[in-house]
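Here are the chains, one letter per residue:
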Amino acid sequence: MKKSIMALWLGAACLGACSGNGGKKSVAGGMESDTLLMLVGSYAEAEEEGIKVYGLNQETGEAVYRSGWKGIRNPSFLTVSSDLKRVYSVGENEEKTSTANALAFDPETGQLSFLNESRTDGAAPCYIVLSPNEDYVVTANYTGGSITVFPVDETGRLGEGEVIAFEGKGQDAERQEQPHLHCAYFTPDGRFLLANDLGTDCIHVFPADASGEGLVDRLAAFDIRLAPGSGPRHSVFDAGGKHLYLIDELKGDVVVMEYDGASFTQVQSIQADTVGARGSADIHLSPDGKFLYASNRLRADGLAIFAVDAANGQLTKVGYQLTGAHPRNFAITPNGKFVLVACRDTNEIEVYARNAETGLLTDTGRRILQSKPVVIALCSR
């Protein structure tokens, strides 16, 4: 059977990017040492290039198209293995056609090739993550109200998925009529798999399977209850693994929790959406951990900017940057110089320069044109 997830995992949770740092490393043959690989997932038909690969210079913010991949309908979210040789993408469709997909990736050429697909058996998978040992893949199935756990074999291919379904509803009759799983991720110490459920206002928590016979211990699972009508969406841990930051889509606040290796304690709630748009989306920390950014959609589309207290991890709002329409996802370059915002409804990725001292953003005017971009993964070697 596969290994358990108890091995230490140092990756941050719910990041739409590979781990990396600001040092100048060789990325791929013929590419400059300060150039990253940038993979972008989108809403697209199977005959379109739903996944595109770029070289991104993190010193200048300039991007150069390298390749694209056709064949997956709505590859709206993707993740990349730590060795950059595999890419896993959802096919965000109806239940009978919703899939998790495995692709081989050549970081030297930027080329992708298809390995296999496996059905999620849960509609609208909108998030995908690798386990710490990279021997499992987990999807969060929004309309399916479930997560699906797939074993990964030695070639990187996906086996048959195991569905973990949830029950219940929230107070919003229109948007919380059933469970809506929006994000699945692991604690940095590898002790828990967490799944954010927008529909029932809770985070489902699964301890690692200590027996090594599977990924998680379903019988020992428990829930973190959140405020009614909050709608938890995406999360990120700080580098020390002591604080969890959660963006609520409906309430529009950022919830700060302390994590002690066994339990989670809420210590703060602070508004990111101050206009009641009920469309908050993504959340990331700057590489130095000094600032946190949270995106909002539907009205006053943009990014809320918070300073992080180094002593207790709590937040103070310091600014707000308006962006293009529907900033569903964004990424920060490993050197902290730029924030790239995937504006789904204006069909482009906007590039913002970031002030490391104030955390504030400035629009560079650079645009990377792509139809309906949804996720940005930045990778360095």
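Coordinates for the structure precede this section.
Residues numbered from 1 in each chain as written. Predicted model: local features only at pLDDT ≥ 70, side-chain atom pairs only at ≥ 80, totals over all residues. Heavy atoms only, no water.

## Examining the nonpolar core
- In this structure, Leu39, Ile147, Ile203, Met257 and Phe264 are the most contacted members of the largest nonpolar core, which totals 60 residues.
- Broken down by element, the residue count for this core peaks at five residues, all from strand S12 (residues 181–186).
- What isoleucine 203 contacts, discounting residues up to four positions off in sequence, is Tyr185, Leu194, Ala195, Asn196, Phe222, Asp223, Ile224, Leu226, Leu244, Leu246 and Met257.
- Within the second largest apolar cluster, 15 residues are counted, among which are Val254, Leu292, Ala294 and Ala304. (Core = buried A, V, L, I, M, F, W, Y, C linked by side-chain atoms within 4.5 Å. Buried < 20%, exposed > 50% of the residue type's maximum accessible area, 1.4 Å probe, protein only. Helix = DSSP H or I, 4+ residues; strand = E, 2+ residues; numbered from the N terminus. Contact = heavy atoms within 4.5 Å.)

## A few points about unusual backbone geometry
- The backbone of aspartate 201 sits at a positive phi, close to 55°, despite the residue not being glycine.
- If you check the backbone angles, lysine 372 has positive phi at about 50° while not being a glycine.
- Along the chain, lysine 372 turns up in the loop between strand S27 (361–369) and strand S28 (373–379).

## Brief notes about the pattern of salt bridges
- Within the structure shown, the criterion is met by 16 salt bridges.
- With a closest N to O distance of 2.2 Å, arginine 278 and aspartate 172 form a salt bridge. Linking arginine 278 in the loop between strand S19 (264–271) and strand S20 (280–285) with aspartate 172 in the loop between strand S11 (162–165) and S12, this pair joins segments that are 106 residues apart in sequence.
- Accessibility expressed as a relative area gives 30% for arginine 278, which makes it partly exposed.
- Note on aspartate 172: relative accessible area 16%, which makes it buried.
- Between glutamate 348 and arginine 367 there is a salt bridge; the shortest N-O distance is 3.6 Å. With a gap of 19 residues between them, glutamate 348 in strand S26 (residues 348–354) and arginine 367 in strand S27 connect regions that are remote in the sequence. (Salt bridge = Lys/Arg side-chain N within 4 Å of Asp/Glu carboxyl O.)

## Looking at the environment of alanine 220
- Structurally, alanine 220 is set in the loop between strand S14 (202–207) and strand S15 (222–225).
- For the pair alanine 220 and arginine 86, spaced 134 residues apart in the sequence, the C-alpha separation amounts to 32 Å.

## Some thoughts on the sheet that holds S14
- Strand order in the open sheet formed by four strands is S12-S13-S14-S15, and the pairing between neighbours is antiparallel. Each edge of the sheet is formed by a strand with only one pairing partner; in this case those strands are S12 and S15. Between one strand axis and the next, the sheet turns through 20° on average, direction left out of account.
- With four bridges connecting them, S14 and S15 associate as antiparallel partners. Each bridged residue has a counterpart across the sheet, and for isoleucine 203 the counterpart in S15 is isoleucine 224. (Pairing = 2+ DSSP bridges. Axes fitted to C-alpha atoms, helices over the stretch in contact; angles between N-to-C directions.)

## Focus on the sheet that holds S28
- An order of S3-S2-S1-S28 is seen for the four strands of this open sheet, with the pairing classed as antiparallel. The outermost strands of the open sheet, each flanked by one partner alone, are strand S3 (63–70) and S28. Recorded for the sheet is a direction-independent mean angle of 25° between the axes of neighbouring strands.
- In this structure, strand S1 (residues 35–42) lies alongside S28, joined through six bridges in antiparallel fashion. Directly across from methionine 38, in S28, lies its bridge partner leucine 378.

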